[in-house]
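# Architecture and fold: a report
Below, each chain spelled out in residue letters.
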Amino acid sequence: SSLQCSSTLHSFPWFGMDIGGTLVKLVYFEPVDITAEEEQEEVENLKSIRRYLTSNVAYGKTGVRDVHLELRNLTMCGRTGNLHFIRFPTQAMHHFIQMGRDKNFSSLHTTLCATGGGAYKFENDFRTMADLELLKLDELDCLIRGLLFVDRVSFNGHPEGYYFQNPSDTQSCVKKTCTLDNPFPMLLVNIGSGVSILAVYSENNYKRVTGTSLGGGTFLGLCCLLTGCETFEEALEMASKGDSTNVDKLVKDIYGGDYERFGLQGSAVASSFGHMMSKEKRDSISKEDLARATLVTITNNIGSIARMCAVNENIERVVFVGNFLRINTVSTKLLAYAMDFWSKGQLRALFLEHEGYFGAVGALMELLKTTEDP
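Predicted model, so just to flag it, every value in this text is computed and none were measured.

## Some thoughts on helix α8 (residues 232–241)
Residues of α8 that are buried include every one of Phe232, Ala235, Leu236, Met238 and Ala239, and no others. What you see down the axis of α8 is that its buried residues fit within an arc of 160°, all on one side.

If you want it as structure tokens, here you go:
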């Protein structure tokens, strides 16, 4: 399904940007149907921007293009092209603005549509450093619009969504693809630096139910403190090798077994980090154990709040998105398990391949709509 677009099209380049607390997400539409005439008229600095973005997979020290997520031969506004997904740390924002200035971006007279907190925080820097005006958009509007769009166009012919079958059984737990054919109502749990939970009834009708400040930023921040690691990748790598039961107190550590009357298994966590009050235990754990316990603690807390919201709002479909889930199968499986187990099979956790990029896609869609306004 292509977008309804304005008659006077925006000049290239087309960008959508989501400036979060930890990561900046950038989507770039690369037209592949450029006519010879357009090619000729295309100014040199637009060519150089396009070449730079599409021929590299890394930018500077910290920018990354997620090549595996590229949406190919997508039709937007009657143009066919590839949608590229690029991310870099928000800490590097000033380098990005500097690059916009060096590549003389403002001469292209394009509108930069930006969402996320950074659209407000860095607005003045864009203006003074690079002579660029941002069109600021609400991040939750963009999130929902972008998510529904990507789900509709599908992921290069494959479904965008997935879930885990038999999440409560590690042996037979398998990943299955799915589409959000009939997505409403859904509980949308967006896990970035912090967490926002939305009840979505239609594309334009939703509310933010609640959130929690214990999110991806908490996991990484605590992990850096506890293990001396530096990056999200490193933290997850450590967590994948650790055993959180050396750090957490389980029901069986307190009861000697299950708490049968209320159906609590002995293996359930009774007290996250509860063993750490013992010097003996502190001396015997590894950094990997600490990383794993931090990941499990944060993930279980998000799952628990999501489940309460789903019950409260009477919504059965819970969709988890956000960059906390990137390369993080431990958390996705744990969330799937927690939803299934604690709801006795009533709630199913759904996940989406483009996790953290929906806000940026929604911002791009706004760009392609804006010229419609008189």
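## Things to note about the packing of α8 against helix α11 (residues 287–313)
The description of two helices packed together rests on the angle between their axes and the distance between the axes. Between α8 and α11, the least distance of the axes is 7 Å, while the angle of their chain directions is 100°. Classed by the angle they form, the pair α8 and α11 counts as roughly perpendicular. Across the interface between the two elements, Ala235, Leu236, Met238, Ala239, Ser240 and Lys241 from α8 touch Lys287, Glu288, Ala291, Arg292 and Leu295 from α11. Looking at the contact of α8 with α11 residue by residue, the class counts come to six nonpolar, one polar and four charged.

## Considerations on the state of the cysteines
Summed over the entire model, instances satisfying the criterion amount to zero disulfides. No disulfide involves Cys113; its sulfur sits 8.0 Å from that of Cys142, the nearest cysteine. Classification of Cys113 as buried rests on a relative accessible area of 0%. Of all cysteine sulfurs, the one in Cys173 lies closest to Cys178, which takes part in no disulfide; the gap is 14 Å.

## Concerning the sheet that holds strand β12 (residues 195–202)
Pairing between sheet strands relies on hydrogen bonds along the backbone, with the strands arranged either parallel or antiparallel. Strand order in this open sheet of seven strands is β10-β9-β17-β16-β11-β12-β13, and the pairing throughout is mixed. Each having just a single partner strand, β10 (174–178) and β13 (205–212) make up the two edges of the open sheet. Averaged over neighbouring strand pairs, the angle between their axes works out to 30° when direction is ignored. When strand β16 (residues 317–321) meets strand β17 (residues 348–352), the two strands line up parallel, connected through four bridges. Bridging from a neighbouring strand, Val318 pairs with Ala349 of β17. The sheet strands contacting helix α6 (residues 139–153) are β11 (186–191), β12, β13, β16 and β17, and the helix crosses β11 at an angle near 115°.

## Remarks on the side chain of Thr332
Looking at where Thr332 falls in the secondary structure, it is placed in helix α12 (residues 329–342). Thr332 sits in the buried class, given a relative accessible area of 2%. A polar contact is formed between the side chain of Thr332 and the backbone oxygen of Thr329, at a distance of 3.1 Å. When sequence neighbours within four positions are dropped, the list of residues in contact with Thr332 reads Tyr162, Phe164, Leu325 and Phe351.

Calculation rules
- Residues numbered from 1 in each chain as written.
- Predicted model: local features only at pLDDT ≥ 70, side-chain atom pairs only at ≥ 80, totals over all residues.
- Heavy atoms only, no water.
- Buried < 20%, exposed > 50% of the residue type's maximum accessible area, 1.4 Å probe, protein only.
- Helix = DSSP H or I, 4+ residues; strand = E, 2+ residues; numbered from the N terminus.
- Arc of directions from axis to C-beta.
- Axes fitted to C-alpha atoms, helices over the stretch in contact; angles between N-to-C directions.
- Parallel < 35°, antiparallel > 145°, perpendicular 65-115°, else oblique.
- Contact = heavy atoms within 4.5 Å.
- Nonpolar A, V, L, I, M, F, W, Y, C, P; charged D, E, K, R; others polar.
- Disulfide = S-S within 2.5 Å.
- Pairing = 2+ DSSP bridges.
- Polar contact = N/O pair within 3.5 Å; in protein donor to acceptor, adjacent residues only side chain to side chain.

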